[in-house]
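These are the residues of each chain, in order.
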Amino acid sequence: MKNLIYQIWDGELRPACKYSSKLMKAYADKIGADYRLDLSPNIASKLVDKDGMYFEWLNPILDDSFLEYDNVVVVDLDIFPTASCSKNIFEESYSDVGICTEPFQGKYRASTIVGGIGMANDEKWSRAVKKRYEIDLPRDTDGYLKVYNAGMVLFSNKGIQKCREKFEPFQEYMNYMRTIFKPPAGRFYVVDQNYFHVMMCKYLDYTEMNNGWNSYIHYVRGPLALQDDINDSRNEFTEFVHIQLSSGDYFEDDKIHRIVNLPRSKWNL
(Lines give C-alpha, C1' and ligand atoms only; values in the text may rest on other atoms or scores of the structure.)
Protein backbone atom coordinates (compact mmCIF):
# COMPACT_ATOMS: atom_id res chain seq x y z
CA MET A 1 0.00 0.00 0.00
CA LYS A 2 1.24 3.45 -0.89
CA ASN A 3 -0.01 6.21 1.40
CA LEU A 4 0.42 9.99 1.53
CA ILE A 5 0.00 12.72 4.14
CA TYR A 6 -0.74 15.97 2.32
CA GLN A 7 -0.62 19.51 3.69
CA ILE A 8 -1.20 22.76 1.85
CA TRP A 9 -0.63 26.46 2.58
CA ASP A 10 -1.10 29.67 0.66
CA GLY A 11 1.73 32.14 1.22
CA GLU A 12 4.54 32.12 3.75
CA LEU A 13 4.36 29.50 6.49
CA ARG A 14 3.58 30.80 9.97
CA PRO A 15 5.44 29.44 13.02
CA ALA A 16 2.82 26.90 14.12
CA CYS A 17 2.36 25.74 10.53
CA LYS A 18 6.07 24.94 10.33
CA TYR A 19 5.75 22.94 13.55
CA SER A 20 2.73 21.04 12.23
CA SER A 21 4.63 20.21 9.05
CA LYS A 22 7.64 19.03 11.07
CA LEU A 23 5.50 16.76 13.28
CA MET A 24 3.43 15.40 10.42
CA LYS A 25 6.55 14.61 8.41
CA ALA A 26 7.96 12.72 11.41
CA TYR A 27 4.65 10.89 11.83
CA ALA A 28 4.64 9.96 8.13
CA ASP A 29 8.15 8.56 8.48
CA LYS A 30 7.10 6.56 11.53
CA ILE A 31 4.17 4.87 9.78
CA GLY A 32 5.94 4.40 6.45
CA ALA A 33 3.93 6.97 4.47
CA ASP A 34 5.02 9.65 2.02
CA TYR A 35 4.70 13.30 3.00
CA ARG A 36 3.96 16.27 0.75
CA LEU A 37 3.70 19.95 1.57
CA ASP A 38 2.51 22.29 -1.19
CA LEU A 39 3.04 26.02 -0.84
CA SER A 40 0.75 28.18 -2.99
CA PRO A 41 0.33 25.55 -5.73
CA ASN A 42 -2.61 27.44 -7.29
CA ILE A 43 -4.40 24.33 -8.55
CA ALA A 44 -7.96 24.55 -7.21
CA SER A 45 -7.73 28.34 -7.20
CA LYS A 46 -7.77 28.40 -11.00
CA LEU A 47 -11.26 26.90 -11.02
CA VAL A 48 -13.08 29.61 -9.05
CA ASP A 49 -13.49 33.35 -9.42
CA LYS A 50 -12.51 34.17 -5.80
CA ASP A 51 -11.72 32.54 -2.43
CA GLY A 52 -9.76 29.88 -4.30
CA MET A 53 -7.34 29.29 -1.43
CA TYR A 54 -10.14 27.67 0.55
CA PHE A 55 -10.42 24.91 -2.04
CA GLU A 56 -6.72 24.09 -2.37
CA TRP A 57 -6.96 21.21 0.14
CA LEU A 58 -9.07 19.46 -2.50
CA ASN A 59 -6.15 19.32 -4.92
CA PRO A 60 -6.00 15.49 -4.59
CA ILE A 61 -9.24 15.28 -6.60
CA LEU A 62 -7.78 17.53 -9.31
CA ASP A 63 -4.08 16.69 -9.66
CA ASP A 64 -3.27 13.38 -11.37
CA SER A 65 -0.09 12.96 -9.30
CA PHE A 66 -2.22 11.88 -6.32
CA LEU A 67 -3.65 8.92 -8.22
CA GLU A 68 -0.54 6.82 -7.55
CA TYR A 69 -1.57 6.51 -3.89
CA ASP A 70 -3.90 3.96 -2.34
CA ASN A 71 -4.82 6.44 0.40
CA VAL A 72 -4.30 10.17 0.88
CA VAL A 73 -5.00 12.03 4.10
CA VAL A 74 -5.27 15.80 3.83
CA VAL A 75 -4.39 17.54 7.10
CA ASP A 76 -4.61 21.25 7.93
CA LEU A 77 -1.48 22.98 9.18
CA ASP A 78 -3.14 23.78 12.51
CA ILE A 79 -3.40 20.07 13.35
CA PHE A 80 -0.71 18.30 15.38
CA PRO A 81 -0.12 14.64 16.29
CA THR A 82 0.17 14.02 20.01
CA ALA A 83 3.53 13.06 21.48
CA SER A 84 2.14 9.59 22.15
CA CYS A 85 0.49 9.15 18.74
CA SER A 86 1.24 5.59 17.72
CA LYS A 87 -1.72 4.46 15.60
CA ASN A 88 -1.43 4.34 11.82
CA ILE A 89 -4.29 6.36 10.39
CA PHE A 90 -4.10 4.39 7.16
CA GLU A 91 -5.01 1.21 9.04
CA GLU A 92 -8.38 2.67 10.01
CA SER A 93 -11.40 1.08 8.37
CA TYR A 94 -13.25 3.46 6.05
CA SER A 95 -14.94 3.62 2.67
CA ASP A 96 -14.55 6.35 0.03
CA VAL A 97 -13.60 9.00 2.57
CA GLY A 98 -13.12 9.16 6.31
CA ILE A 99 -13.99 12.36 8.17
CA CYS A 100 -14.68 13.53 11.72
CA THR A 101 -17.70 15.37 13.07
CA GLU A 102 -17.75 18.37 15.40
CA PRO A 103 -20.25 17.19 18.05
CA PHE A 104 -20.18 20.47 19.99
CA GLN A 105 -21.19 22.64 17.04
CA GLY A 106 -24.93 21.94 17.03
CA LYS A 107 -25.46 23.14 20.57
CA TYR A 108 -22.95 25.96 20.12
CA ARG A 109 -24.53 27.32 16.95
CA ALA A 110 -27.96 27.15 18.56
CA SER A 111 -26.69 29.39 21.37
CA THR A 112 -24.98 32.15 19.40
CA ILE A 113 -23.88 33.29 15.94
CA VAL A 114 -20.22 33.91 15.12
CA GLY A 115 -19.15 35.38 11.78
CA GLY A 116 -22.50 34.54 10.25
CA ILE A 117 -22.28 30.92 11.40
CA GLY A 118 -25.28 29.86 13.47
CA MET A 119 -28.21 27.49 13.57
CA ALA A 120 -30.56 29.74 11.58
CA ASN A 121 -28.08 29.96 8.70
CA ASP A 122 -27.32 26.23 9.00
CA GLU A 123 -31.01 25.52 8.48
CA LYS A 124 -31.22 28.03 5.62
CA TRP A 125 -28.27 26.28 3.97
CA SER A 126 -29.87 22.87 4.53
CA ARG A 127 -33.09 23.98 2.83
CA ALA A 128 -31.09 25.32 -0.12
CA VAL A 129 -29.25 22.00 -0.37
CA LYS A 130 -32.52 20.07 -0.29
CA LYS A 131 -33.97 22.23 -3.05
CA ARG A 132 -31.05 21.91 -5.46
CA TYR A 133 -29.42 18.58 -4.60
CA GLU A 134 -32.48 16.68 -3.36
CA ILE A 135 -30.84 15.30 -0.22
CA ASP A 136 -31.58 15.58 3.47
CA LEU A 137 -28.36 16.41 5.30
CA PRO A 138 -27.63 14.19 8.32
CA ARG A 139 -28.49 15.26 11.86
CA ASP A 140 -27.28 14.25 15.28
CA THR A 141 -29.39 12.66 18.01
CA ASP A 142 -30.45 16.12 19.24
CA GLY A 143 -31.75 17.09 15.81
CA TYR A 144 -28.94 19.50 14.98
CA LEU A 145 -27.35 19.35 11.55
CA LYS A 146 -24.08 17.44 11.72
CA VAL A 147 -20.91 19.39 11.06
CA TYR A 148 -18.05 17.59 9.29
CA ASN A 149 -14.67 19.19 9.81
CA ALA A 150 -12.50 19.35 6.70
CA GLY A 151 -9.30 19.79 8.68
CA MET A 152 -8.56 16.07 8.35
CA VAL A 153 -10.05 14.08 5.49
CA LEU A 154 -8.90 10.60 4.49
CA PHE A 155 -9.40 9.66 0.83
CA SER A 156 -9.17 6.18 -0.66
CA ASN A 157 -8.06 5.97 -4.27
CA LYS A 158 -11.58 4.85 -5.11
CA GLY A 159 -12.94 7.86 -3.27
CA ILE A 160 -10.68 10.24 -5.21
CA GLN A 161 -11.89 8.72 -8.46
CA LYS A 162 -15.53 9.11 -7.45
CA CYS A 163 -14.95 12.75 -6.47
CA ARG A 164 -13.40 13.42 -9.86
CA GLU A 165 -16.26 11.74 -11.69
CA LYS A 166 -19.26 12.95 -9.72
CA PHE A 167 -18.61 16.19 -7.85
CA GLU A 168 -20.12 19.39 -9.16
CA PRO A 169 -17.56 22.05 -10.14
CA PHE A 170 -16.69 24.35 -7.25
CA GLN A 171 -17.87 27.43 -9.11
CA GLU A 172 -21.35 26.04 -9.78
CA TYR A 173 -21.92 25.33 -6.11
CA MET A 174 -20.58 28.77 -5.18
CA ASN A 175 -22.78 30.53 -7.72
CA TYR A 176 -25.88 28.84 -6.35
CA MET A 177 -25.05 29.49 -2.70
CA ARG A 178 -24.32 33.14 -3.45
CA THR A 179 -27.97 33.51 -4.42
CA ILE A 180 -28.83 32.32 -0.89
CA PHE A 181 -26.07 33.93 1.20
CA LYS A 182 -24.67 37.39 0.71
CA PRO A 183 -21.02 38.01 1.64
CA PRO A 184 -19.25 38.56 3.85
CA ALA A 185 -21.41 37.03 6.59
CA GLY A 186 -22.52 34.07 4.48
CA ARG A 187 -19.16 33.16 2.96
CA PHE A 188 -18.75 30.14 5.24
CA TYR A 189 -21.68 28.42 3.53
CA VAL A 190 -20.38 29.25 0.05
CA VAL A 191 -16.85 27.84 0.22
CA ASP A 192 -14.99 24.57 0.66
CA GLN A 193 -16.12 22.82 3.85
CA ASN A 194 -19.82 23.12 3.13
CA TYR A 195 -19.22 22.32 -0.54
CA PHE A 196 -17.50 19.10 0.44
CA HIS A 197 -20.19 18.31 3.02
CA VAL A 198 -22.86 18.44 0.31
CA MET A 199 -20.92 16.54 -2.35
CA MET A 200 -19.83 13.89 0.13
CA CYS A 201 -23.38 13.29 1.36
CA LYS A 202 -24.79 13.13 -2.16
CA TYR A 203 -22.16 11.08 -3.97
CA LEU A 204 -19.84 9.21 -1.59
CA ASP A 205 -19.89 6.27 0.78
CA TYR A 206 -18.30 8.07 3.71
CA THR A 207 -17.24 6.98 7.17
CA GLU A 208 -17.46 9.01 10.36
CA MET A 209 -14.10 8.34 11.95
CA ASN A 210 -13.29 8.38 15.65
CA ASN A 211 -13.07 12.06 16.60
CA GLY A 212 -9.71 11.38 18.20
CA TRP A 213 -8.29 11.89 14.71
CA ASN A 214 -9.47 15.51 14.79
CA SER A 215 -9.85 16.64 18.41
CA TYR A 216 -10.51 20.33 18.11
CA ILE A 217 -9.87 23.14 20.59
CA HIS A 218 -11.39 26.61 20.24
CA TYR A 219 -12.62 29.58 22.23
CA VAL A 220 -16.33 29.70 23.04
CA ARG A 221 -18.43 32.85 22.70
CA GLY A 222 -21.95 33.69 23.77
CA PRO A 223 -23.84 32.24 26.75
CA LEU A 224 -22.01 28.89 26.72
CA ALA A 225 -18.79 30.78 27.47
CA LEU A 226 -20.15 31.47 30.94
CA GLN A 227 -19.83 27.72 31.60
CA ASP A 228 -16.45 27.30 29.91
CA ASP A 229 -14.73 29.68 27.51
CA ILE A 230 -12.73 26.95 25.77
CA ASN A 231 -14.08 23.86 24.05
CA ASP A 232 -11.44 21.15 24.45
CA SER A 233 -12.56 17.92 22.80
CA ARG A 234 -9.44 15.88 23.58
CA ASN A 235 -10.02 12.51 25.24
CA GLU A 236 -8.36 9.13 25.71
CA PHE A 237 -8.73 8.42 21.97
CA THR A 238 -7.04 11.61 20.77
CA GLU A 239 -4.28 11.17 18.17
CA PHE A 240 -4.44 14.51 16.28
CA VAL A 241 -5.24 17.86 17.91
CA HIS A 242 -6.78 20.70 15.89
CA ILE A 243 -5.89 24.03 17.49
CA GLN A 244 -8.43 26.61 16.34
CA LEU A 245 -7.54 29.23 18.94
CA SER A 246 -7.24 32.85 17.85
CA SER A 247 -3.67 33.65 16.70
CA GLY A 248 -2.79 29.96 17.08
CA ASP A 249 -0.80 30.01 13.84
CA TYR A 250 1.73 32.25 15.60
CA PHE A 251 2.16 30.18 18.76
CA GLU A 252 5.67 28.97 19.49
CA ASP A 253 6.46 25.25 19.40
CA ASP A 254 6.53 24.86 23.17
CA LYS A 255 3.09 26.44 23.56
CA ILE A 256 1.69 24.16 20.86
CA HIS A 257 3.25 21.17 22.59
CA ARG A 258 1.60 22.09 25.89
CA ILE A 259 -1.83 22.57 24.34
CA VAL A 260 -1.63 19.31 22.42
CA ASN A 261 -0.26 17.13 25.20
CA LEU A 262 -0.90 18.68 28.63
CA PRO A 263 -3.95 19.47 30.76
CA ARG A 264 -5.35 22.98 30.44
CA SER A 265 -3.95 23.96 33.83
CA LYS A 266 -0.47 23.79 32.23
CA TRP A 267 -1.17 25.61 28.98
CA ASN A 268 -0.23 29.08 30.27
CA LEU A 269 -2.03 30.82 27.46
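Residues numbered from 1 in each chain as written. Predicted model: local features only at pLDDT ≥ 70, side-chain atom pairs only at ≥ 80, totals over all residues. Heavy atoms only, no water.

Visitor: Help me understand unusual backbone geometry in this model?
Guide: Excluding glycine, residues mostly carry a negative phi; peptide bonds, for their part, are mostly trans. Unusually for a residue other than glycine, S40 sits at a positive phi of about 50°. Despite not being glycine, N42 has its phi angle at roughly 55°, a positive value.

Visitor: What is the right way to look at the packing of helix α3 (residues 119–133) against helix α7 (residues 192–203) in this model?
Guide: The relative placement of two packed helices comes down to the angle between their axes together with the axis-to-axis distance. Two elements in contact, α3 and α7, have axes whose closest approach is 12 Å; the angle formed by their N-to-C orientations is 45°. As the angle between them shows, α3 and α7 are arranged oblique. Crossing geometry of α3 relative to α7 is assigned as right-handed. Where α3 approaches α7, its residues W125, V129 and Y133 are matched on the opposing element by N194, H197, V198, M199 and K202. In terms of residue class, the contact of α3 with α7 is made up of five nonpolar, two polar and one charged. (Axes fitted to C-alpha atoms, helices over the stretch in contact; angles between N-to-C directions. Helix = DSSP H or I, 4+ residues; strand = E, 2+ residues; numbered from the N terminus. Parallel < 35°, antiparallel > 145°, perpendicular 65-115°, else oblique. Left-handed = near helix turned anticlockwise from the far one by under 90°. Contact = heavy atoms within 4.5 Å. Nonpolar A, V, L, I, M, F, W, Y, C, P; charged D, E, K, R; others polar.)

Visitor: Mind showing me how you'd approach the sheet that holds strand β4 (residues 79–81) here?
Guide: Think of a sheet as strands paired side by side through backbone hydrogen bonds, with each pair either parallel or antiparallel. Strands sit in the order β4-β10-β8-β9 across an open sheet of four strands; the sheet is mixed. Of all strands in the sheet, those bounded by a partner on one side alone are β4 and β9 (230–232). Between one strand axis and the next, the sheet turns through 20° on average, direction left out of account. Packing of helix α1 (residues 15–31) onto the sheet brings it into contact with β4 and β10 (240–243), and relative to β4 it is tilted by some 40°. (Pairing = 2+ DSSP bridges.)

Visitor: Any chance you could explain the pattern of salt bridges here in plain terms?
Guide: Pairing is possible between side chains of opposite charge, provided their charged atoms come close. Counted under the stated rule, the structure contains 17 salt bridges. For R14, the salt bridge is made with D249, and the minimal N-O distance between the two is 3.0 Å. Of this pair, R14 sits in the loop between β1 (3–9) and α1 while D249 is found in the loop between β10 and α8 (253–261), placing the two residues 235 residues apart along the sequence. With relative accessibility at 31%, the residue R14 sits in the partly exposed group. (Salt bridge = Lys/Arg side-chain N within 4 Å of Asp/Glu carboxyl O. Buried < 20%, exposed > 50% of the residue type's maximum accessible area, 1.4 Å probe, protein only.)

Honestly, that's just the spatial picture; any functional story needs more than this.
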